Amino acid sequence: MVIAIDGPAGAGKSTVARTLAQQLGFTYLDSGAMYRCVALISRARPEVAAAELAKAARIELGGGTDAPATRPGPGSVVMLDGRDVTEAIRTPDISQAASQVAADPGVRTAIVARQRELIARGDWVVEGRDIGTVVAPHADLKIFLTADPQERARRRAAELGVDPGSVLEDMERRDERDAAREHSPMVAAQDALLIDTTGLEVQDVIGRIAQLARRLRADLGDAPAS
Ligand code: CDP
């Protein structure tokens, strides 16, 4: 079973997706970490086409369900070509660079192929921008999380330990680029459930999605409804 959680930065995707995976016993996939890795190598090797780097990169994601959901940021260990880049990929500079390389169709083709391969077997909670539309259009459950920009900036700033004003502009620039790009723009799938998390407790959001997932699993008949 695949649950897709898409939406802009700071809407609560990571906390929701990781906790949900823990509660349901699914594996968590942070698709954005892969674009962040490509941005990091691309910075180091600007002379090579980003799509080539994306194809060659050895990206290992730590699964993530073992990481405490309360830890700031997505939390799980990310290895790139044998190096621990968990912290290095989370800087504001790499956030912008990730959204730039993510607009490259060659990069997307390489990364999406890997993501599809990963989720082909087993039960997954996958978070990103294009999971419900491109990576897993047949996902069993699709959620699109939003929240107003001020609140998203507040949440992201709290994670990074910085001032909300300093992240708002960066976040809006990235959202705009992600939503306007020609290939796989950030958009809710037609059959996605939209949840505006402004003012909601994260536990309530998780509870609501978990309930839907359990009901669905019971309907599919492959697990008990509890
Ligand atoms: O955690 P946050 O929402 O700040 O970003 P992320 O999920 O780590 O993604 C970083 C960037 O990668 C985004 O701004 C997108 O440009 C890109 N991305 C994408 O294009 N498609 C995805 N499925 C996930 C991320």
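Residues numbered from 1 in each chain as written. Predicted model: local features only at pLDDT ≥ 70, side-chain atom pairs only at ≥ 80, totals over all residues. Heavy atoms only, no water.

**Brief notes about the nonpolar core**
Applied cut-off: As used in this record, nonpolar core signifies buried Ala, Val, Leu, Ile, Met, Phe, Trp, Tyr and Cys residues forming a set joined through side-chain atoms within 4.5 Å. For every residue, the accessible area obtained with a 1.4 Å probe (protein chains only) is divided by the maximum for its type, and the residue is called buried under 20%, exposed over 50%, and partly exposed between those limits. Numbering of helices and strands runs from the N terminus, with a helix taken as a DSSP run of H or I at least four residues long and a strand as a DSSP run of E at least two residues long. Note on contacts: a residue pair qualifies if any of its non-hydrogen atoms lie within 4.5 Å across the two residues.
With 37 residues, the main nonpolar core has L80, I89, V107, I111 and I119 as its most contacted residues. Within the residue set of this core, elements represented by two or more residues are β1 (2–6), α2 (31–44), α3 (50–56), β4 (78–80), α4 (92–101), α5 (105–119), β6 (124–128) and α6 (131–135). Tallying contributions element by element places α2 first for this core, with eight residues. Residues in contact with V107, not counting those within four places in the same chain, are Y35, V38, A50, A51, A54 and V101.

**Some points on the sheet that holds β6**
To summarise the sheet geometry, strands pair through backbone hydrogen bonds and adopt either a parallel or an antiparallel arrangement. Rules: By definition, two strands form a pair when at least two bridges between them are found by DSSP. Lines fitted to the C-alpha atoms define the axes, with helices restricted to the stretch that makes contact. Angles between their N-to-C directions range from 0 to 180 degrees.
One open sheet holds the five strands; their spatial order is β2-β6-β1-β7-β8, and the pairing between them is parallel. At either margin of the open sheet sits one strand with a lone partner, and together these are β2 (27–30) and β8 (193–196). Across this sheet, the average inter-strand angle for adjacent strands is 20°, counted without regard to direction. With five bridges joining them, β1 and β6 adopt parallel strand pairing. The residue bridging V2 from the neighbouring strand is W124, located in β6. With respect to the sheet, helix α9 (residues 202–220) is in contact with β1, β7 (141–146) and β8, its orientation differing from that of β7 by roughly 170°.

Nothing here speaks to function; it is geometry throughout.
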